Amino acid sequence: DIFRSVQGDVDVIKEALGLLREEWRDEFNVMVDAMQRGDWPQVWEIAKEHRLLISAVVVPTILFVRYPPAVFAVLRLLMAGANVAVAFLVYTGNLQAAAQLIWRQIVTLSVEQKNRVEERRRTK
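Since we're looking at a predicted model, the values are computed, not measured. (Residues numbered from 1 in each chain as written. Predicted model: local features only at pLDDT ≥ 70, side-chain atom pairs only at ≥ 80, totals over all residues. Heavy atoms only, no water.)

**Things to note about the packing of aromatic side chains**
The description of an aromatic ring pair rests on the distance of the ring centres and on the angle between the ring planes.
Here comes step 1: For the coordinates displayed, the defined rule picks out one aromatic pair.
Here comes step 2: With 5.8 Å between their ring centres and 80° between their planes, F64 and F72 make a pair best called edge-to-face. (Phe/Tyr/Trp six-rings, centres within 6.5 Å; stacked < 30°, edge-to-face > 60°.)

**A word on helix α2 (residues 40-49)**
Here comes step 1: Turning to α2, its buried residues are V43, I46 and A47. Along the axis of α2, the buried positions cluster into a sector of 100°, meaning they face one direction only. Exposed residues lying more than 90 degrees from the buried face of α2 are P41 and W44. (Buried < 20%, exposed > 50% of the residue type's maximum accessible area, 1.4 Å probe, protein only. Helix = DSSP H or I, 4+ residues; strand = E, 2+ residues; numbered from the N terminus. Arc of directions from axis to C-beta.)

**Concerning the pattern of salt bridges**
Here comes step 1: A full pass over the atoms with the stated rule returns seven salt bridges.
Here comes step 2: The closest approach of N and O atoms between R37 and D39, which form a salt bridge, is 3.6 Å.
Here comes step 3: By relative accessible area, which is 27% here, D39 ends up partly exposed.
Here comes step 4: Here E45 and K48 are joined by a salt bridge, their closest N and O atoms 3.3 Å apart. Placement of the pair is E45 and K48 together in helix α2, with a separation of three residues, close to one helical turn.
Here comes step 5: Classification of E45 as partly exposed rests on a relative accessible area of 45%.
Here comes step 6: Given the relative accessible area of 35%, K48 is considered partly exposed. (Salt bridge = Lys/Arg side-chain N within 4 Å of Asp/Glu carboxyl O.)

**Things to note about the environment of G8**
Here comes step 1: Tracing the sequence through the fold places G8 in helix α1 (residues 2-37).
Here comes step 2: For the pair G8 and T108, spaced 100 residues apart in the sequence, the C-alpha separation amounts to 13 Å.

**Observations regarding the environment of A70**
Here comes step 1: Following the sequence through the fold, A70 ends up in helix α4 (residues 68-92).
Here comes step 2: With a relative accessible area of 37%, A70 lands in the partly exposed category.
Here comes step 3: Sequence separation between A70 and F3 is 67 residues; the distance between their C-alpha atoms is 43 Å.

**Here's the deal with the nonpolar core**
Here comes step 1: Residues M31, A34, V43, I46 and A47 constitute the largest nonpolar core, which totals five residues.
Here comes step 2: Element by element, the count of residues in this core is highest for α2, at three residues.
Here comes step 3: Once residues lying within four places of it in the same chain are set aside, the contact partners of M31 are V43, I46 and A47. (Core = buried A, V, L, I, M, F, W, Y, C linked by side-chain atoms within 4.5 Å. Contact = heavy atoms within 4.5 Å.)

Have a look at this one:
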């Protein structure tokens, strides 16, 4: 029963990621077409809507190109922090509870994303 539940959750996550990928691809194509036409307000609207995604790609790329040693130092600190967090969760016995909470959050976000994409498709 638990495995069927987890498989159902995995299917929801895969479907939500697939829909998100399709939406990003469609909007990227619209953005490229708008850029070719010179319709900069439409490009700006799409860029504003996806500013977190753009900054999640652009900022680390700029930092890596400009300051490679700093990027490796930050990655090393993040790994150390992750090790401390996992060790703390194991020591306190809360690792399973934290894993369940993270899994539920991932499934909830996936369901919400799927619903948003489906709502956008209905309104188009």
